[in-house]
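Chain by chain, the residues run as shown.
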Amino acid sequence: MLIRPTDQILSSEITPEALWLNRRQLMTGAAALGLAVALPAQAAGELVYRKSPLSVKDDKNSFEQITQYNNFYEFGTDKDDPAQTAGKLKTRPWNIVIEGECDKPHTFSMDELLKIAPLEERIYRLRCVEGWSMVIPWVGFPLSELLKRVNPTSKAKYVEFISLADKEQMPGVQRAVLDWPYTEGLRIDEAMHPLTIMAVGLYGKVLPNQNGAPIRVVVPWKYGFKSAKSIVKIRLTEKQPQTSWNKAGPNEYGFYSNVNPEVDHPRWSQATERRIGEFFKRKTLMFNGYGDQVAGMYKGMDLKKLF
Ligand code: MTE
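Residues numbered from 1 in each chain as written. Predicted model: local features only at pLDDT ≥ 70, side-chain atom pairs only at ≥ 80, totals over all residues. Heavy atoms only, no water.

This next bit is on the overall build of the protein. Secondary structure assignment for the protein yields eight helices and 13 strands. Going through the 307 residues of the protein one by one, you find that 54% of them count as buried. For the protein, the proportion of contacts with a sequence separation of at least 24, taken over those separated by at least 6, is 72%. Working note: accessible area of the protein is about 14,200 Å², and carbon and sulfur atoms make up 54% of it. (Helix = DSSP H or I, 4+ residues; strand = E, 2+ residues; numbered from the N terminus. Buried < 20%, exposed > 50% of the residue type's maximum accessible area, 1.4 Å probe, protein only. Contact = heavy atoms within 4.5 Å. Areas by Shrake-Rupley, 256 points an atom, 1.4 Å probe, with all protein chains shown as cover.)

Put into structure tokens, the structure is as follows:
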């Protein structure tokens, strides 16, 4: 990936979390003081969701950090490009086509997608292969619930995700930095794992465009690039699908891309990471700290060869 080293993040790009007071906290605080809250029950952009026991307890990054420091090459390769240029992306109407090895292929509208399962807040760590990490309060639903709707056949061994690639709306797609559209893939058991979600929001609000609006996948034990944004198609396949990053650098980006401090990227050590907003580096945890939940899926696999 083309990167700006994290050492160069300006302190002005980082807002302390305390300054991010969301509407829910505001209302809870007001209610505790016995104040009448004049805000409507659900303001535009607010999502109704429940909390999930699968969230991590780490301190969250601020809304500003999460939405101003992004990788979304369809909108440019600098970290602040997506926040500046993704505003134009039209996120309605939006559909996801699900096809391939399934009995009931279907095109899901955004309205249908939002009713697949109750929305949950999932606070997850995101570890980027470039050596930085964040903690993000996503709002979404399990990908497994969506895939169950199309009845995958016994031949469905993999799941391919395809992002929107629209030159008109996405200035980065005019440049051949990657082989567009952005594609990623998971093994079917990884896709059906309860930690894997389709995110439609963060910090309780609909997903900002720069974070992959209106809907993206989030796979918290893998490097961030596995979590494809602005998805328009999901294909169930018998063969392992190709991925954009693997095509761009086969010796740098493997299919599995599990967070693994023991397997360095040719250009970056993966042993440590810098949490955005922190000064000192932390040790990177195997499977990004989700080992108890996911290690079983990789039993007997050589994770150095299958990186
Ligand atoms: N999805 C698409 N379509 N295009 C991209 O460039 N970048 C990936 C991933 N998903 C990317 C993408 C990378 S490298 C990372 S680290 C995460 O998105 C970043 O997600 P965030 O910006 O919401 O933190």
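For the rest of this paragraph, the subject is empty space enclosed by the protein. Going through the model one piece at a time under the given rule, you end up with four cavities of 30 Å³ or more. There is about 310 Å³ of room inside the largest cavity. Along its surface, the largest cavity is lined by 24 residues, and Asn71, Phe72, Arg216, Gly224 and Lys229 are the ones closest to its centre. With four residues, strand E5 (residues 132–142) is the single largest residue contributor to the lining of the largest cavity. Across the lining of the largest cavity, the residue classes tally to 15 nonpolar, six polar and three charged. Of the pockets and cavities examined, the second largest cavity occupies roughly 50 Å³. Forming the boundary of the second largest cavity are Arg125, Leu126, Arg127, Trp138, Arg216, Val218, Val219, Pro220, Lys222, Gly224 and Ser227. The element that contributes the greatest number of residues to the lining of the second largest cavity is strand E4 (residues 120–127), accounting for three residues. In the lining of the second largest cavity, the residues fall into five nonpolar, two polar and four charged. (1 Å grid on protein atoms, 1.4 Å probe; cavity = no way out; pocket = protein on both sides within 12 Å on 5 of 7 lines; lining within 4 Å. Points joined across faces, edges and corners; volume = space filled by probe spheres on them. Nonpolar A, V, L, I, M, F, W, Y, C, P; charged D, E, K, R; others polar.)

With that settled, the discussion passes to the sheet that holds strand E3 (residues 106–109). Strand order across the open sheet formed by five strands is E3-E2-E11-E6-E7, with mixed pairing between neighbours. A single partner strand is all that each edge strand has here, and the edge strands are E3 and strand E7 (183–187). For this sheet the average axis-to-axis angle between neighbouring strands, irrespective of direction, equals 20 degrees. As paired strands, strand E2 (residues 95–100) and E3 are joined by four bridges and run antiparallel to one another. Counterpart to valine 97 in the pairing with E3 is threonine 107. (Pairing = 2+ DSSP bridges. Axes fitted to C-alpha atoms, helices over the stretch in contact; angles between N-to-C directions.)

With that settled, the discussion passes to the site of the ligand. Close contacts around the ligand come from 17 residues, with Asn70, Tyr73, Glu74, Arg216 and Lys229 the closest. Within the side chain of asparagine 211, an N or O atom sits 3.0 Å from an oxygen atom of the ligand. Side-chain polar atom of arginine 216 to an oxygen atom of the ligand: 2.7 Å apart, as the coordinates give it. Using a 2 Å cut-off from the grid points, one finds that the ligand occupies the largest cavity. In terms of residue class, the shell around the ligand is made up of eight nonpolar, six polar and three charged. (Near = heavy atom within 4 Å. Polar contact = N/O pair within 3.5 Å; in protein donor to acceptor, adjacent residues only side chain to side chain. Sits in = over half its atoms within 2 Å of the grid points.)

Under the UniProt annotation, the feature "binding site: Mo-molybdopterin" (unreviewed entry) is placed at Asn70, Tyr73, Glu74, Cys128, Ser163, Asn211, Arg216, Ser227, Ala228 and Lys229. Those annotated residues lining the largest cavity are, specifically, Asn70, Tyr73, Glu74, Cys128, Ser163, Asn211, Arg216, Ser227, Ala228 and Lys229. Leaving out residues up to four positions away in the same chain, glutamate 74 has contacts with Ser163, Leu164, Met170, Pro171, Gly172, Val173, Trp180 and Tyr182. Examined against the element boundaries, cysteine 128 turns out to sit in the loop between E4 and E5. Beyond its immediate sequence surroundings of up to four residues, cysteine 128 is in contact with Asn71, Tyr223 and Gly224. (UniProt positions renumbered as here; feature names shortened; annotations may be inferred.)

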